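Residues per chain, in single letters:
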Amino acid sequence: MYEDFKVTDRWTGEELRCLWKGTVVAIATRHADATDIRFSVNGKPLWIAMPNLAWVEQKRRNGHVITDYLAAQAAGRYLKHAIESGYDNGREMYTMTVEEVLTHADAVVREVGRTDNLPSLPVINENIQPELELGRLPGDNQGPVQIPPDHMVL
């Protein structure tokens, strides 16, 4: 879905590969109450800042939570739409509003049917699915994940 996708820039016609790289809760980092989702766009870093208030508002509105997977997908969907629409091409950081977070999160859930259908993260290697390589995902609460030595980053 939106953890690894290609999109054509509206203004340049260039094909851009967008790849999710990480999620950082940025309360201390930028003194902003936001969760930053990092993407690589043709190898260059790009950040999507999502206000943490969106998590509170989502829970208030419908009782559901925005998971890490859903946040990454919603940010990726937002990024794809920003590139396609030509919104301020070339920026290194985009800041979503609470409404934008909720709108994109809702659209992602509608696309996949339910949150447990979301693609797994992290994208360790684009040719390897972590749940197949490790037997499960780290967040599955079944004891520590045993990472094969040839997959460790030191």
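What you see is a predicted model; the values in this text were computed from it and never measured.

Caption draft 1: Examining the pattern of salt bridges more closely. On inspection of all chains with the given rule, the structure shows eight salt bridges. Arginine 61 is paired through a salt bridge with glutamate 57; the nearest N and O atoms lie 2.8 Å apart. You can see arginine 61 and its partner glutamate 57 sitting in helix α1 (residues 53-62), four residues apart, about one turn around the helix. When its relative accessible area of 16% is taken as the criterion, glutamate 57 is described as buried. The residue glutamate 84 makes a salt bridge to lysine 80 at a minimum N-O spacing of 2.7 Å. On the criterion of helical spacing, the pair formed by glutamate 84 and lysine 80 is a turn pair, its members being four residues apart in helix α2 (residues 68-85).

Caption draft 2: Local environment of the packing of aromatic side chains. The full count for this structure, using the stated rule, is two aromatic pairs. On the numbers, 6.1 Å between centres and 75 degrees between planes, the contact of tyrosine 2 with phenylalanine 5 is edge-to-face. We classify tyrosine 2 as buried; its relative accessible area is 11%. Look at tyrosine 78 and tyrosine 94: their rings are 6.4 Å apart centre to centre, the planes differ by 75 degrees, and that puts the pair in the edge-to-face class. With tyrosine 78 in helix α2 and tyrosine 94 in strand β5 (residues 93-95), the pair connects residues that are 16 residues apart, well separated along the chain. Here arginine 10 stacks its cationic end above the ring of tryptophan 11, 4.9 Å away from the centre of that ring. Sitting over the face of the ring of tyrosine 94, arginine 91 holds its NZ or CZ atom 5.0 Å from the ring centroid.

Caption draft 3: Inspection of the nonpolar core at higher detail. Formed by 32 residues in total, the largest nonpolar core has its most connected members in Ile37, Phe39, Ile48, Met50 and Leu79. Breaking this core down by element, the ones donating at least two residues are β1 (4-8), β2 (15-25), β3 (34-41), β4 (44-51), α2 and α3 (98-112). The element best represented in this core is α2, accounting for nine residues. Sequence-distant contacts of methionine 50, that is, excluding residues within four places in its chain, are made with Ala34, Thr35, Ile37, Trp55, Ala71, Ala74, Ala75, Met96 and Val101.

Caption draft 4: Representation of the sheet that holds β5. Reading across the sheet, the five strands line up as β1-β2-β3-β4-β5 and stay open at both edges, with mixed pairing between neighbours. Only two strands of the sheet have a single partner each, and these edge strands are β1 and β5. Across the sheet, the axes of successive neighbouring strands diverge by a mean angle of 30 degrees, strand direction being ignored. Where β2 meets β3, seven bridges bridge the pair, whose relative direction is antiparallel. When the sheet's bridge partners are listed, valine 24 is paired in β3 with aspartate 36.

Cut-off values and rules
- Residues numbered from 1 in each chain as written.
- Predicted model: local features only at pLDDT ≥ 70, side-chain atom pairs only at ≥ 80, totals over all residues.
- Heavy atoms only, no water.
- Salt bridge = Lys/Arg side-chain N within 4 Å of Asp/Glu carboxyl O.
- Helix = DSSP H or I, 4+ residues; strand = E, 2+ residues; numbered from the N terminus.
- Buried < 20%, exposed > 50% of the residue type's maximum accessible area, 1.4 Å probe, protein only.
- Phe/Tyr/Trp six-rings, centres within 6.5 Å; stacked < 30°, edge-to-face > 60°.
- Lys NZ or Arg CZ within 6 Å of the ring centre and 35° of its normal.
- Core = buried A, V, L, I, M, F, W, Y, C linked by side-chain atoms within 4.5 Å.
- Contact = heavy atoms within 4.5 Å.
- Pairing = 2+ DSSP bridges.
- Axes fitted to C-alpha atoms, helices over the stretch in contact; angles between N-to-C directions.

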